[in-house]
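Observations on chain architecture
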Amino acid sequence: MISPAKIQVRFADLDTMGHVNNAIYLSYFENARVHYFNQLLGLDWDWRKFGCLVVKNEVNYFLPVFLQDQPEVEMLLESVGTKSFTLLYEVKVNGNVVTTGRSVMVCFDAKANATIPVSDEWKHALAQLRVASN
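Computed from a prediction, not measured in an experiment: that's the story for all the values here. (Residues numbered from 1 in each chain as written. Predicted model: local features only at pLDDT ≥ 70, side-chain atom pairs only at ≥ 80, totals over all residues. Heavy atoms only, no water.)

**Digging into the packing of aromatic side chains**
Our working rule: Side-chain rings of Phe, Tyr and Trp (the six-membered ring for Trp) are treated as a pair once their centres are within 6.5 Å; stacked means planes under 30 degrees apart, edge-to-face means over 60, and tilted covers the remaining angles. Numbering goes from the N terminus for both helices and strands, where a helix is a DSSP run of H or I of at least four residues and a strand is a run of E of at least two. Relative accessibility thresholds used throughout: buried, under 20% of the residue-type maximum; exposed, over 50%; partly exposed, between the two (1.4 Å probe, protein chains only).
Taken as a whole and assessed by the stated rule, the structure comprises ten aromatic pairs. Between the aromatic rings of Phe29 and Tyr89, the centroid separation amounts to 4.3 Å while the plane-to-plane angle is 5°, which identifies the pairing as stacked. One end of the pair, Phe29, is in helix H1 (residues 24-41); the other, Tyr89, is in strand E4 (residues 84-93), with 60 residues separating them in the sequence. You can call Phe29 buried: its relative accessible area is 0%.

Structure below.
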């Protein structure tokens, strides 16, 4: 099992209320994807040929995150389709869920500038994620 992505809250992440600005969570989700994909696919993966793009993001905010907090992001698998897959995120502080999110990802070949089917390698990698329970 892959450990959650550890996030360092930066002063620049904060808004005038002193908590993490709502837009910053998309960067936290991106950091989690990089953390998990590096472990699932390796550092030598050809992202230009077998990459993916975000086509939709959703964020649900439950509790604020502050500068001194040490959030962790777990990435889960919701579903895999023909050319896309959906990821879920749980942002936790001290074990408490403070934010959740969802991203729809489409597999993409940047060299051909075209969407591609979810490869067997992607399916195998994604199968290693904890599956979200509905």
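**Re the environment of Tyr61**
Our working definition: By definition, residues are in contact when any of their heavy atoms lie within 4.5 Å. What qualifies as a polar contact is a pair of N or O atoms within 3.5 Å, subject to a donor-acceptor requirement within protein and to the restriction that residues adjacent in sequence count only when both atoms come from side chains.
One can find Tyr61 in strand E2 (residues 51-61). What makes Tyr61 partly exposed here is its relative accessible area of 41%. Distance from Tyr61 to His35, taken between C-alpha atoms, is 22 Å for residues 26 residues apart in sequence. Those residues in contact with Tyr61 that sit more than four places away from it in its chain are Asn22, Tyr25, Val98 and Thr99. Polar side-chain contacts of Tyr61 include one of 2.9 Å to the backbone oxygen of Asn22.

**Quick notes on the pattern of salt bridges**
Applicable threshold: Criterion for a salt bridge: a side-chain nitrogen of Lys or Arg within 4 Å of a carboxyl oxygen of Asp or Glu.
Using the criterion set out here, one finds ten salt bridges in the structure. Lys6 serves as the salt-bridge partner of Glu72, at 2.7 Å between the closest nitrogen and oxygen. Placement of the pair is Glu72 in strand E3 (residues 72-80) and Lys6 in strand E1 (residues 5-6), with a sequence separation of 66 residues. Judged by relative accessible area, which is 65%, Lys6 ranks as exposed.

**Here we look at unusual backbone geometry**
Not every positive phi belongs to a glycine, and Asn94 is a case in point at roughly 55°. By the element assignment, Asn94 lies in the loop between E4 and strand E5 (96-109). A positive phi is found at Asn113, a non-glycine position, where the angle reads about 55°. Here Asn113 is to be found in the loop between E5 and strand E6 (114-115). Since its relative accessible area comes to 61%, Asn113 is described here as exposed.

**What to know about the nonpolar core**
Going by this rule: Residues belong to a common nonpolar core when they are buried Ala, Val, Leu, Ile, Met, Phe, Trp, Tyr or Cys residues joined through side-chain atoms within 4.5 Å.
In terms of nonpolar packing, the biggest core is built from 35 residues, with Phe37, Phe85, Leu87 and Trp122 touching the most fellow members. At the level of elements, H1, E3, E4, E5 and helix H2 (120-126) are the ones that each hand at least two residues to this core. Residues within four places of Phe85 in sequence aside, it is in contact with Phe37, Cys52, Ser79, Val80, Ser103, Val104, Met105, Cys107, Val118, Trp122 and Leu126.

**A short note on H1**
Basically, it comes down to this: Multiply 1.5 Å by the residue count of a helix minus one, and that product is the helix's expected span.
Taking 1.5 Å per residue, 18 residues should reach 26 Å; H1 reaches 25 Å between its end C-alpha atoms and fits that length. For H1, the complete set of buried residues consists of Ile24, Tyr25, Tyr28, Phe29, Ala32, Arg33, Tyr36, Phe37, Leu40 and Leu41. Gly42 sits one or two positions beyond H1 and adopts a positive phi of about 90°.

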